[in-house]
Amino acid sequence: MSESRAIEATGRVAAIILAAGRGERAGGRDGPKQYRMIGGRAVIARAIEGFAECRSVDAIVVAIHPDDRDLFARAAGAFAGRVSLVEGGPTRQASTLNALRALSERAPEKVLIHDAARPFANHSLIDRVLAAVTSSGGALPVLPVADTIKKSDDSGLVAATVPRSGLFAAQTPQGFPYAAILEAHERAATSKALDFTDDSSIAEWAGMPMRMVEGSPDNVKLTLTREIEMADARLSATGGLPDVRTGNGYDVHAFEAGRAVMLCGIEIPHDRKLSGHSDADVGLHALTDALLATCGAGDIGTHFPPSEPEWRGARSRIFVEYAARLVAERGGRIANADVTLVCEAPRIGPHRPAMVAAMAEMLGIEPGRISVKATTNEGMGFIGRGEGIAAFATVSVVFPGGLS
Ligand code: CTP
Ligand code: MG
């Protein structure tokens, strides 16, 4: 009991972001690539953001070059206060080891290791990797190799064509059980095995099984100046502004004989119930429509036709969770959700905190990003006559890399 609390308090998942390189292949002239601007923000700020906004990540350590402290403070902006800094080393491998050692007090269960030069890792990718990490095995995102691969001889002629079936390109973040990857890194350093270019290869060398999960084509590594320019152009297509979308939803249900109503995920005793195919939770139906609207994904009826018996009596949180997953799969992060209930009765006020908590859980966001409001219709119209309840919902979603 006390042990599980201790783990909770120190956090189970840490992320390491490697940013101590000099970016020589991108031409050092404009400074290390991780501090260059793409779409109006520094590469490293975007790389940190993916982890800072991911609920599964409890702590972030960034390895930087000792010369880059000012560059980092300027580039990281508000994120500077949310990460710990550690000095990098002369190689990527050395920088990683320093960062891993810096986590030894915290001793997280799992650690993610990521290149600052990949600014487009989003939280669905991060969660996919984390989900595949076990107590003894790691995981990494990969993409099947699309180009035909050639091996060259010393004179620049093709020596062989390498069959590409079964070949994958490795991305980061790569995830590991913390204690095991720290030990593998320490052992590699002591054995003078120093030419690893990613952490999976160190884990493989140490005998740790590595699970491959689906990478993301958006998750490119910026190596050459041209790649940085292309990333900048892609982001600037939205005028450098983040792609923020707002969705709106409306629903209404009539009362019928019953003993309780479901509203925003909470059962409220009442002298009637709402009529509908599912549990008739009018607030969650409006919320589902608002979520779907942020990515042009139709409405609740498109995905859950009332003609299908499967949804008879279904709990409406299923619809909300489905829509939230769809938003996440398209690269979105929910910024806030707001529901207004319009009814003469029951009274909503006493149930508001429970509703907020229930919706926060369904959407996977903090309660502070949720609002529930209620109003009567001043006795007017069908709502005023107590014939039913109406609900309006508004949701804002940020799509950092654009809607995918
Ligand atoms: N890295 C690091 N410490 C080093 C070398 C690299 O933390 N001593 C980091 C880089 O900052 C980068 C990541 O490891 O985010 C991947 O390395 P790479 O793309 O090779 O970046 P650089 O080493 O900076 O670039 P180059 O090899 O072109 O100099
Ligand atoms: Mg390098």
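See the structure above.
If you're wondering where the values come from, they're calculated on a predicted model, not measured in any experiment.

J.: Help me understand the pairing of strand β18 (residues 370–375) in this model?
T.: For strand β17 (residues 333–342) and β18, the ladder comprises 6 bridges, and the chain directions are parallel. For D338, the partnering residue across the bridge sits in β18 and is S371. Regarding the hand of the β-α-β motif, the stretch spanning β17, helix α12 (residues 352–363) and β18 is right-handed.

J.: Would you mind going over the nonpolar core with me for this structure?
T.: Side chains that are nonpolar tend, in soluble globular proteins, to be buried together. Residues L263, L287, L341 and L363 are the most contacted members of the largest nonpolar core, which totals 44 residues. Setting aside chain neighbours within four positions, we find L287 in contact with V320, A337, V339, M359, L363, A393 and V395. Among the nonpolar cores identified, the runner-up in size contains 30 residues, and A15, I60, F72 and V129 belong to it.

J.: What exactly am I supposed to notice about the layout of surface pockets here?
T.: Taking a probe equal in size to a water molecule and rolling it over the atoms shows the remaining empty space. The space that makes up the largest pocket amounts to roughly 1000 Å³. Lining the largest pocket are 41 residues; nearest its centre among them are E53, H123, G332, R333 and I334. Per element, the largest residue contribution to the lining of the largest pocket is 6 residues, and it comes from helix α11 (residues 317–329). Approximately 770 Å³ is the volume attributed to the second largest pocket. Residue lining of the second largest pocket: 31 residues in total, with G21, R25, K33, R92 and K221 positioned closest to the centre. With 3 residues, helix α4 (residues 92–102) is the largest single contributor of residues to the lining of the second largest pocket.

J.: Before we go on, may I ask you to explain unusual backbone geometry in this structure?
T.: The bulk of non-glycine residues show a negative phi, and the bulk of peptide bonds are trans. The linkage connecting T172 with the following residue, P173, adopts the cis geometry, with an omega of 10 degrees. Position of P173 relative to the elements: it lies in the loop between β10 (168–170) and β11 (174–177). The residue after A345, namely P346, is reached through a cis peptide bond having omega 0 degrees. With respect to the helices and strands, P346 occurs in the loop between β17 and α12. With phi around 40 degrees, A107 is a residue other than glycine that occupies positive phi space. Structurally, A107 can be placed in the loop between α4 and β6 (110–115). Residue classification places A107 among the partly exposed positions, given a relative accessible area of 46%. The phi angle at C264 is positive, at roughly 50 degrees, despite the residue not being glycine. On the secondary structure map, C264 appears in the loop between β14 (260–263) and β15 (266–269). On the accessibility criterion, C264 (0% relative accessible area) is buried.

J.: Teacher, can you tell me more about the environment of R41 here?
T.: As for its position among the elements, R41 is in strand β3 (residues 41–42). A residue is classified by how much of its surface remains accessible, and R41, at 29% relative accessible area, is partly exposed. In this structure, the C-alpha to C-alpha distance between R41 and G364, residues 323 residues apart in sequence, is 26 Å. Dropping the residues within four chain positions of it, R41 is found in contact with R36, R46, E49 and F79. Within polar-contact distance, the side chain of R41 engages the side chain of E49 at 3.3 Å.

J.: I keep staring at the site of ligand 1 and nothing clicks. Help me out?
T.: Taken together, 19 residues are adjacent to ligand 1, and L18, G23, E24, S95 and K221 come closest. Contact between ligand 1 and P90: a nitrogen atom at 3.4 Å from a main-chain N or O atom of the residue. When the free accessible area of ligand 1 is taken as 560 Å², the share hidden by the protein chains comes to 88%. Spatially, ligand 1 is embedded in the second largest pocket. Where the shell around ligand 1 is concerned, the elements lending two or more residues are β1 (13–19) and α4. Taken together, the residues that form the shell around ligand 1 break down as 6 nonpolar, 6 polar and 7 charged.

Conventions adopted
Residues numbered from 1 in each chain as written. Chains lettered and ligands numbered in written order. Predicted model: local features only at pLDDT ≥ 70, side-chain atom pairs only at ≥ 80, totals over all residues. Heavy atoms only, no water. Pairing = 2+ DSSP bridges. Helix = DSSP H or I, 4+ residues; strand = E, 2+ residues; numbered from the N terminus. Right-handed = clockwise from strand over helix to strand, strands pointing away. Core = buried A, V, L, I, M, F, W, Y, C linked by side-chain atoms within 4.5 Å. Buried < 20%, exposed > 50% of the residue type's maximum accessible area, 1.4 Å probe, protein only. Contact = heavy atoms within 4.5 Å. 1 Å grid on protein atoms, 1.4 Å probe; cavity = no way out; pocket = protein on both sides within 12 Å on 5 of 7 lines; lining within 4 Å. Points joined across faces, edges and corners; volume = space filled by probe spheres on them. Polar contact = N/O pair within 3.5 Å; in protein donor to acceptor, adjacent residues only side chain to side chain. Near = heavy atom within 4 Å. Areas by Shrake-Rupley, 256 points an atom, 1.4 Å probe, with all protein chains shown as cover. Sits in = over half its atoms within 2 Å of the grid points. Nonpolar A, V, L, I, M, F, W, Y, C, P; charged D, E, K, R; others polar.

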